[in-house]
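# Analysis of the macromolecular model
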Amino acid sequence: MAQAREPEPVVDERSIEVHWREEDTYQPRPEFIAQANLTDPDFYRRFSLDNFPDCYDEYARLLDWDKYWHTTLDASNPPFYKWFVGGRLNASYNCVDRHRVKDPNKTAIHFVPEPEDEPILHVTYQDLWIRVNEFAALLREFAGVKPGDRVTIHMPMVAELPVAMLACARLGAMHSVVFGGFSAKACADRMVDAGSNILITMDAYWRNGQLLDHKAKADDTVKEAAAHGLTVDKVLIWQRYPGRYSSQVPLVEGRDFIVNDLLPRYRGARVEPVSMPAEAPLFLMYTSGSTGKPKAVQHSTGGYLAYVTATARYYLDIKPEDVYWCMADIGWITGHSYIVYGPLSNGTSTVVYEGVPTYPDPGRPWRIAEELGVTIFHTSPTAIRQLRKAGPDVPRRYNHKFKLMVTVGEPIEPDVWRWYYHEVGKGQAVIVDTWWQTETGGFLCTQAPALMKMKPGSAGPGVLGINPVVFDEDGREIEPGSGQAGYLCIRNPWPGMMQTIWGDPDRFIKTYFAKFNKNPNSKDWRDWPYMAGDGAVIAEDGYVRILGRLDDVINVAGHRLGTKEIENAALQVPEVAEAAVVAAHDEIKGTVPDLYVALHPGVEPSDDIKKRVSDMVSEVIGKIARPRAVHIVPDLPKTRSGKIMRRILAAISDGREDVGDVTTLANPEVVEAIRQQVQGG
Ligand code: PRX
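Now for a look at the structure at hand.

## Thoughts on the pairing of strand 7 (residues 174-177)
Across the two faces of strand 7 the burial is the same, with Met174 and Ser176 and His175 and Val177 all buried. Sheet topology places strand 6 (residues 150-153) next to strand 7; four bridges connect them, and they run parallel. Bridge pairing links Val151 to His175 in strand 7. Pairing analysis gives two bridges linking strand 7 to strand 14 (residues 281-287), with the strands arranged parallel. Across the sheet, Ser176 pairs through a bridge with Leu284, a residue of strand 14.

Structure (structure tokens):
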């Protein structure tokens, strides 16, 4: 045992190791540069801090406004900002009506069903306009939806999902889309928090060759919400196969309504888009936080839409003639910003694919890309690893041709990047590694595709108008090129930035600003850098390399899950006394949750308990959080102040023999016992 130290040692869980070397870089091809949207280097000068915030007028001008703004940024009450104040607009008008007038027969959405023998549905801008109008009429007349209401949408990846979102936007109501794979409990928690009385769902959908009964989740959601005091007035159910009900569970009289039966009443209905103030909230999107209670990130109408429209145009290089496919789920922010709002606002064709990328085989994405002539392809490192593992040579058998590819959601290993570049992109497509978050609305760091080199494993420098900086624990700036890691922050506000956490402005300040704000009374935005919660290193050339989360959130397959949320779920198994979840390294998913639990005294460990813990986590949060392993251990390693040392457990899960310094633990002896149990030997 190490000799006693005074005072109580601070255990630093945050010290970050940096192991990598600089990678060789790649240049965009002349063919790409010749056609790109962002080729003028002067753009970056126009968006320098000297021209902040007025530079962002250029973004807002990409939209159609009912009334122009008089003030670009009202920063009088930081960190609560108002963009394009005085302006009025409607998001559904910008994503649908204005393109439908110019080019009604152009495809807005290609819906690709998972079963390969079902035809692809091509929804034109004219069709989309009709559908959005009719569904908006239904929401307004039948469900009484008004501006400012919150409408929860728990749907799979089908064309009706963007229709539902855009119908809410048309009415000035906020949508709160809950990822379709999330459980009824997760959906209910979010409805209760948002005070949302309307649930839009679908009866069933295809996933991995199975038609899943989704309506069953709606019943449990309503029950669970009622237990927390929220009455869900209406459940609106789309049919996966219009005219046929594909769920086994009966409809509840007076509460459940089949959308496809109601729609004929609204045939030909037209709903004038409600002209909303630029700063009116457009939607809520829940994301994991460290307290275990999911928080709703609130995004604005004008600032958000301007930001995603412009970043899609300049960094995805989207043009109306492109066919753009992002494989993310619309239930996450990537889908909101870069399947629905960004692409549609630019008048392009966006692909909505129902199923999993490797179904029925890993050639599926390339067949879809070939058939639809996809030019821009957007996915996550997890999907890339999965496709590589399932068939490293498969992409070269197909004749798809991408001009640009995106990676997002987690750090990508340079080796995986190179496979993506050479095999999927055939050495022709530019790759943008885009770093951002639910909270940021759109991209913050990536290279300008035609202007800058690509560097495997690094997101680029800050995008137009974004000024990244890395601080050390004490708020001192770490110089780019020093090789040192720290907290990644953004110096300035930007239009796509979240407005607040719904119903909890204090948590907004505490989570994203408090740590590096030196004067809470300051009214100068320069005193309020945005803290992203990620660790990062900035290279000499300004390229940002992300190390991952520094707070109590783990990133599983590109999805951010709260450690507390997972641990709380485990604690619902009565035998469990304590739980700690760690992110373990996984070849495919990047990181996966490994769960360590200690049982109440006198309870014998058993496989049954392990199974119940695992089931509970997937029931409470969703399958995505299901632990890779549940380890029942005699005790969890803790500091003397009682803090569980996840760092040590993570080292054990990763198979490392050296688990680091254990001298500061209250119970160091337990570490070796756990290591032997998990790693054997
Ligand atoms: O840790 C970063 C990681 O994903 C987190 C944000 O997750 P979420 O809000 O769910 O949004 C995901 C889609 C934007 C970040 O804090 N992350 C996101 N993009 C990257 C990334 N890590 C490394 N490289 C990226 N390109």
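More follows now that the structure is in view.
## Some remarks on helix 15 (residues 505-512)
All of the buried residues in helix 15 are Arg507, Phe508 and Tyr512. For helix 15, the angular spread of the buried residues around the axis is 105°, confining them to a single face. Away from the buried face of helix 15 by more than 90 degrees, exposed residues Asp506 and Lys510 are located. As for helix 15, its buried residues are in contact with strand 2 (80-85), strand 15 (295-300), strand 23 (500-501) and strand 24 (530-538).

## Examining the site of the ligand
Residues in contact with the ligand amount to 17 residues; listed here are only the nearest, Asp433, Thr434, Thr438, Asp534 and Arg549. Here Asp433 contributes a side-chain N or O atom positioned 2.7 Å from a nitrogen atom of the ligand. Thr438 is positioned such that a nitrogen or oxygen atom in its side chain is 2.5 Å from an oxygen atom of the ligand. Isolated, the ligand exposes 540 Å² of accessible area, and the fraction of that covered by the protein chains is 96%. Going through the elements one at a time, helix 11 (333-345), strand 20 (430-434) and strand 25 (544-549) are the ones with two or more residues in the shell around the ligand. By residue class, the composition of the shell around the ligand is six nonpolar, six polar and five charged.

## Quick notes on the pairing of strand 2
Note that strand 1 (residues 71-77) and strand 2 share four bridges and pair antiparallel. Directly across from Asp74, in strand 2, lies its bridge partner Lys82. Two successive antiparallel strands, strand 1 and strand 2, enclose a turn made up of two residues.

## A short note on the pattern of salt bridges
Inspection of the entire model under this criterion finds 44 salt bridges. Residues Glu354 and Arg240 are paired through a salt bridge, measuring 2.8 Å at the closest nitrogen-oxygen approach. With a gap of 114 residues between them, Glu354 in the loop between strand 17 (349-353) and helix 12 (364-372) and Arg240 in the loop between strand 11 (234-238) and strand 12 (256-258) connect regions that are remote in the sequence. Arg240 matches Glu354 in its accessibility class, with the two residues each being buried. Among the ionic pairs, Arg255 bridges to Asp256, the shortest N-O distance being 2.7 Å. As far as burial versus exposure is concerned, Arg255 and Asp256 are alike and both buried. One salt-bridge network, held together by shared partners, links Asp42, Arg45, Arg46 and Glu58.

## Details of the nonpolar core
Nonpolar side chains tend toward joint burial in soluble globular proteins. Formed by 162 residues in total, the largest nonpolar core has its most connected members in Tyr56, Leu128, Phe135, Ile153, Ile200, Leu236 and Tyr341. In this structure Leu128 touches Val96, Ala108, Ile109, Val123, Val163, Leu166 and Leu344, once residues within four positions along its chain are discounted. With 41 residues, the next largest nonpolar core counts Phe182, Ala218, Ile566 and Ala570 among its residues.

## What to know about the environment of Leu263
Mapping Leu263 onto the fold places it in the loop between helix 9 (259-262) and strand 13 (276-277). Judged by relative accessible area, which is 16%, Leu263 ranks as buried. Along the chain, Leu263 and Glu134 lie 129 residues apart, while their C-alpha atoms are 6.9 Å from each other. Those residues in contact with Leu263 that lie beyond four places of it in its chain are Glu134, Phe135, Leu138 and Trp238.

## Overview of unusual backbone geometry
Glycine aside, residues mostly have negative phi, and peptide bonds are mostly found in the trans state. Following Phe52, the chain continues into Pro53 via a peptide bond in cis, with omega recorded as 0°. The residue Pro53 is located in the loop between helix 2 (42-46) and helix 3 (57-60) in this model. Look at Phe84: it is not a glycine, yet its phi comes out positive at around 55°. Located in the positive-phi region is Lys426, a residue other than glycine, with phi close to 55°. By the element assignment, Lys426 lies in the loop between helix 14 (414-424) and strand 20.

## Things to note about the side chain of Arg170
Here Arg170 shows up in helix 6 (residues 160-171). With a relative accessible area of 2%, Arg170 lands in the buried category. Not counting residues up to four positions away in its chain, the partners in contact with Arg170 are Asn90, Ser92, Tyr93, Asp97, Trp129, Val132, Asn133, Ala136, Val271, Glu272, Pro273 and Val274.

## What about helix 19 (residues 669-679)?
Along helix 19, the residues that are buried comprise Val670, Val671, Ile674 and Arg675. Seen along its axis, helix 19 keeps its buried residues to an arc of 135°; they face one direction.

## What to know about the packing of aromatic side chains
The final tally for this structure, using the stated rule, is 45 aromatic pairs. Between Phe182 and Trp332 the ring centres are 5.7 Å apart and the planes differ by 75°, which places this aromatic pair in the edge-to-face class. Of this pair, Phe182 sits in the loop between strand 7 and helix 7 (184-194) while Trp332 is found in the loop between strand 16 (323-326) and helix 11, placing the two residues 150 residues apart along the sequence. Residue class for Trp332 comes out buried when judged on its relative accessible area of 15%. Its guanidinium or amino end placed over the ring of Trp129, Arg100 lies 3.6 Å from that ring's centre, counting from NZ or CZ. Between the NZ or CZ atom of Lys234 and the centre of the ring of Phe142, over which it lies, the distance is 5.3 Å.

## Considerations on the sheet that holds strand 29 (residues 590-599)
Taken in spatial order, the three strands line up as 28-29-30 in an open sheet, and their pairing is mixed. Only two strands of the sheet have a single neighbouring strand rather than two, namely strand 28 (576-586) and strand 30 (629-632). The sheet shows a mean angle of 25° between the axes of neighbouring strands, taken without regard to direction. In terms of strand pairing, strand 29 meets strand 30 through four bridges, oriented parallel. Opposite Asp594, over in strand 30, you have Ala629 as the bridge partner. Against the sheet, helix 16 (residues 563-570) touches strand 28 and strand 29, its axis set at about 135° to strand 28. Contacts from helix 17 (residues 607-620) reach strand 28, strand 29 and strand 30, with the element oriented near 135° to strand 30.

## Quick word on the packing of helix 4 (residues 91-102) against helix 11
One way to put it is that helix 4 packs onto helix 11 with a least axis distance of 8 Å and a crossing angle of 50°. Classified by the interaxial angle, the pair formed by helix 4 and helix 11 is oblique. When you trace helix 4 past helix 11, the crossing you get is left-handed. Note on element contacts: helix 11 touches helix 4 through Tyr341, Leu344 and Ser345, opposite Ala91, Asn94, Cys95, Arg98 and His99.

## Considerations on the sheet that holds strand 6
Spatially, 12-11-8-6-7-14-15-23 is the arrangement adopted by the eight strands of the open sheet, whose pairing is mixed. Across the chains shown, the open sheet's two edge strands, defined by having one partner strand only, are strand 12 and strand 23.

What counts and how
Sequence order sets the numbering: in each chain, residues are counted from 1 along the sequence as written. Only residues with pLDDT of at least 70 are given local features in this predicted model, and only at 80 or more are side-chain atom pairs given and counted; all residues enter the totals for whole chains, interfaces and linings. The side-chain numbers reported here are obtained from all heavy atoms of the structure, hydrogens and water having been left aside. Only protein chains enter the area calculation, which uses a 1.4 Å probe; residues under 20% of their type maximum are buried, those over 50% are exposed, and those in between are partly exposed. Secondary structure elements follow DSSP: runs of H or I of four or more residues count as helices, runs of E of two or more count as strands, with numbering from the N terminus. Strand pairing is defined by DSSP finding a minimum of two bridges between the two strands. Picture the helix axis, draw a direction to every C-beta atom, and the arc is the one those directions span. Any two residues whose heavy atoms approach within 4.5 Å are treated as being in contact. Any residue with at least one heavy atom within 4 Å of a molecule or strand is counted as near it. The definition of a polar contact used here is a pair of N or O atoms within 3.5 Å, where within protein one atom must be able to donate a hydrogen and the other to accept one, and adjacent residues in sequence count solely through side-chain atom pairs. Methods summary: accessible areas were calculated by the Shrake-Rupley approach with a probe of 1.4 Å, and residue burial reflects only the protein chains presented. Note on residue categories: nonpolar means Ala, Val, Leu, Ile, Met, Phe, Trp, Tyr, Cys or Pro, charged means Asp, Glu, Lys or Arg, and polar means any other residue, Gly included. Salt bridges are identified by distance alone: a Lys or Arg side-chain nitrogen within 4 Å of an Asp or Glu carboxyl oxygen. In this text, buried Ala, Val, Leu, Ile, Met, Phe, Trp, Tyr and Cys residues form a nonpolar core when linked through side-chain atoms within 4.5 Å. Whether two aromatic rings pair depends on their centres lying within 6.5 Å, for rings of Phe, Tyr and Trp, where Trp uses its six-membered ring; planes under 30 degrees apart make the pair stacked, over 60 edge-to-face, and the rest tilted. By definition here, charges over rings are those cases where NZ of Lys or CZ of Arg is within 6 Å of the ring centre and within 35 degrees of the ring normal. Axes, fitted as lines to C-alpha atoms, cover a helix only where it is in contact. Angles between the N-to-C directions of the axes lie from 0 to 180 degrees. Each angle is binned into one of four classes, with values under 35 degrees roughly parallel, values over 145 roughly antiparallel, values of 65 to 115 roughly perpendicular, and all other values oblique. Left-handed is the label given to a crossing in which the near helix is rotated counterclockwise from the far helix by less than a right angle, and right-handed is the label when the rotation is clockwise.

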